[in-house]
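# Topology and contacts: notes
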Amino acid sequence: MGKPIRFKATFLDEISEDIPHQNWGKAEWDADFAAMKAAGIDTVVMIRCGLRKFITYPSEILIGEEKCHRPPVDLVDMFLDLAEKHDMKFFFGTYARKQNGAHTPEEIEHNWDQEKRLIEEAWAWYGHRKAFAGWYLTKEIAENKPEIVAEFCRYGRLCKSLSPGLPIMISPGMRGRKAWLPDDPKARDLDFAIHEKAWDEVMSQISGLVDIIAFQDGHVSFEELPEVLKINKRLADKYGIETWTNCESFDRDMPFRFPPIKWEKLLLKLKAAEAAGIENALTFEFSHFMSPNSFWKSAGHLYNRYMEYLAEINDKI
């Protein structure tokens, strides 16, 4: 049994793909950062700096080349202000185009050229800030996709050359039953051997370029999770990569997307990570699904249950 596990970090999902917006301004975000801090969270990870046409900061590259909408507020600057106020670390997430299908070599090189300049722009604008503490590579894979693994390596080298010493994080999925819609013919339980082989190959390539790997834990059944977390931890240890768990605080078992998760389920997942020897948990994501400030009333109740759990494990230390 490992050390009692607790949430160290949360994603910030301000540019969301499939979660309703809360329309918060700085005052509401300030209150939420305070609630995060009270729950022991010391790191916030902006999941992406932009998604298609919507962006978190007024990037001249994205506005000029992708015709993105100019945001009314520089959210990166605001998040850095709040992270500094509440003594927290901030990870910058890269841009998400959501282009589907295979790319030609020319498209891959075009995207790389633009991403390179975006990372350099972000570092020039915000890298001097006290709270700027790392990078999040926003693309998600659940298996060995060579073109994306190559991107991880390219981006990792670039970020490390710009900001020596700052960690780089990814948060992959897993090809378990819950990664698909229930009636999708592809839905099946995770094949442990295939998963281990694929991620052995991936981690051998990203070792030294990606520092933290936080697998999403909601794609597999609760029964499978303990074993797959042990596989993930064993592989990451082999390649010198720090293992966190992305303990999702939304519920994938409901017939609609997505409500806050039941506390019993969240606790099962935290305990499985603890048993695997994982010490740090990241969540997707606090503000919608665990916050007392969320538009979901049940998120506030989940926060209360988690705070009781924290008090209990603190009493045992």
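Before any of the text, the structure's been laid out above.
Presented here is a report on the structure given in the accompanying data block. (Residues numbered from 1 in each chain as written. Predicted model: local features only at pLDDT ≥ 70, side-chain atom pairs only at ≥ 80, totals over all residues. Heavy atoms only, no water.)

Now for the side chain of Ser294. By secondary structure assignment, the location of Ser294 is in the loop between helix H9 (286-289) and helix H10 (297-316). In terms of polar contacts, Ser294 uses its side chain to reach the backbone carbonyl oxygen of His288, at 2.5 Å. Of note is the side chain of Ser294, whose polar atom sits 2.9 Å from the backbone nitrogen of Trp296. Apart from residues lying up to four places away in sequence, Ser294 is in contact with Gln22, Trp24, Ser287, His288 and Ala299. (Helix = DSSP H or I, 4+ residues; strand = E, 2+ residues; numbered from the N terminus. Polar contact = N/O pair within 3.5 Å; in protein donor to acceptor, adjacent residues only side chain to side chain. Contact = heavy atoms within 4.5 Å.)

Turning next to the packing of aromatic side chains. As enumerated under the stated definition, the model contains 26 aromatic pairs in all. On the basis of an interplanar angle of 80° and a centroid distance of 5.9 Å, the ring pair of Phe286 and Tyr303 is categorised as edge-to-face. Taken together, the positions of Phe286 in helix H9 and Tyr303 in helix H10 put the pair 17 residues apart, joining distant regions of the chain. Here Phe286 matches Tyr303 in class, with each residue buried. (Phe/Tyr/Trp six-rings, centres within 6.5 Å; stacked < 30°, edge-to-face > 60°. Buried < 20%, exposed > 50% of the residue type's maximum accessible area, 1.4 Å probe, protein only.)

By the definition in use, this model includes 30 salt bridges. The shortest N-O distance in the salt bridge between Glu143 and Arg175 comes to 3.4 Å. Of this pair, Glu143 sits in the loop between strand E7 (132-136) and helix H5 (146-162) while Arg175 sits in the loop between strand E8 (168-170) and helix H6 (192-206); the two residues are 32 residues apart in sequence, bridging distant segments of the chain. When its relative accessible area of 29% is taken as the criterion, Arg175 is described as partly exposed. One salt bridge connects Asp200 with Lys238, and the closest N-O pair in it is separated by 3.2 Å. Of this pair, Asp200 sits in helix H6 while Lys238 sits in helix H7 (residues 225-238); the two residues are 38 residues apart in sequence, bridging distant segments of the chain. (Salt bridge = Lys/Arg side-chain N within 4 Å of Asp/Glu carboxyl O.)

In spatial order, the strands read E4-E3-E6; together these 3 strands make up an open sheet with mixed pairing. Every other strand in the sheet has two partners, leaving strand E4 (54-55) and strand E6 (95-96) as the edge strands with one partner each. Relative to E6, strand E3 (residues 50-51) runs parallel, the two sharing 2 bridges. Its bridge partner lying in E6, Leu51 is registered against Ala96. (Pairing = 2+ DSSP bridges.)

So, on to the environment of Asp18. Considering the arrangement of structural elements, one finds Asp18 in the loop between strand E1 (6-12) and helix H1 (26-38). In sequence terms Asp18 and Arg257 are 239 residues apart; their C-alpha atoms lie 8.0 Å from each other. Those residues in contact with Asp18 that lie beyond four places of it in its chain are Arg257 and Phe258. At 2.9 Å, the side chain of Asp18 forms a polar contact with the side chain of Arg257.

Everything listed here is a matter of geometry and, on its own, says nothing about what the molecule does.
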